[in-house]
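Residue-level listing of the chains:
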Amino acid sequence: MKRHIPGLHFENRNSDDVLEGVFLVRVERAFYRWHPQRPFYSIRFGILEPKEHQGQSLTGRLYCTPRALWKLSWFLRDFGYDPDLLGRDEVDQRALFGLQGIVRTSRTILNGRCFLNLDGFAPAADWEELSPSATSTVHER
């Protein structure tokens, strides 16, 4: 049986699905993915703020290579990861679940594919001063 599905032959170039900006998030899921050159954690964040994006999620990678450990450490510190585990160089996937903090994202298009970049992190307590509504009121003055 044949079916006609309009638009099937077009490539999906809807890069609007990738959210950019500053978000207050909670870690919903984290998985370690082994790769010979670039092992990484795949982390799914649930958006808590701003309200217009609440309930949506972001998925990004934090690499575990020696050159990228600074970013993984930054994420763990700012999201309130257990300092004892961090001091022993241990990451427990179960301990990541539920951590909250602020993430700044951007997108990169490479070879026609859109990727989410995790550009920066901050503690959840800083949301009032870093939120998009707080920065827009500063610019209006």
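We now turn to the structure provided with this report. (Residues numbered from 1 in each chain as written. Predicted model: local features only at pLDDT ≥ 70, side-chain atom pairs only at ≥ 80, totals over all residues. Heavy atoms only, no water.)

On to the overall build of the chain, then. Counting its secondary structure elements, the chain contains 5 helices and 5 strands. Reading the secondary structure of the chain in the N-to-C direction produces β-β-β-α-α-α-β-β-α-α. Expressed as a percentage of the 141 residues in the chain, the buried residues total 33%. Sequence-distant contacts, at least 24 apart, represent 49% of the contacts inside the chain between residues at least 6 apart. Carbon and sulfur atoms form 50% of the exposed surface of the chain, whose accessible area is close to 9,900 Å². (Helix = DSSP H or I, 4+ residues; strand = E, 2+ residues; numbered from the N terminus. Buried < 20%, exposed > 50% of the residue type's maximum accessible area, 1.4 Å probe, protein only. Contact = heavy atoms within 4.5 Å. Areas by Shrake-Rupley, 256 points an atom, 1.4 Å probe, with all protein chains shown as cover.)

As judged from the 6 bridges shared by strand 1 (residues 21-33) and strand 4 (residues 100-110), these two strands associate in the antiparallel manner. In the strand pairing of strand 4, V25 is matched with G101. (Pairing = 2+ DSSP bridges.)

Moving on, we get to the environment of R33. Considering the arrangement of structural elements, one finds R33 in strand 1. On the basis of relative accessibility, which here comes to 41%, the residue R33 falls in the partly exposed class. Between the C-alpha atoms of R33 and R61, which are 28 residues apart in sequence, the distance is 9.6 Å. Beyond its immediate sequence surroundings of up to four residues, R33 is in contact with P39 and F40.

This brings us to the environment of L58. Relative to the assigned elements, L58 resides in strand 3 (residues 57-63). A relative accessible area of 4% places L58 in the buried class. Non-local contacts of L58, meaning those with residues more than four positions away in its chain, are made with L19, F23, V25, I43, R44, F45, I47, V103, T105 and L116.

Our next topic: the nonpolar core. F45, L58, F75 and L96 are the most contacted members of the largest nonpolar core, which totals 24 residues. Setting aside residues up to four positions removed in sequence, F75 forms contacts with V27, I43, F45, L62, L96 and F121. One finds L24, L48, I102 and A122 within the second-largest nonpolar core, a separate group that totals 5 residues. (Core = buried A, V, L, I, M, F, W, Y, C linked by side-chain atoms within 4.5 Å.)

Moving on to the pattern of salt bridges. A complete count under the given rule lists 4 salt bridges for this structure. The closest approach of N and O atoms between K51 and E49, which form a salt bridge, is 3.2 Å. For R94, the salt bridge identified is with D92, shortest N-O distance 3.4 Å. (Salt bridge = Lys/Arg side-chain N within 4 Å of Asp/Glu carboxyl O.)

Read these as geometric descriptors, not functional statements.
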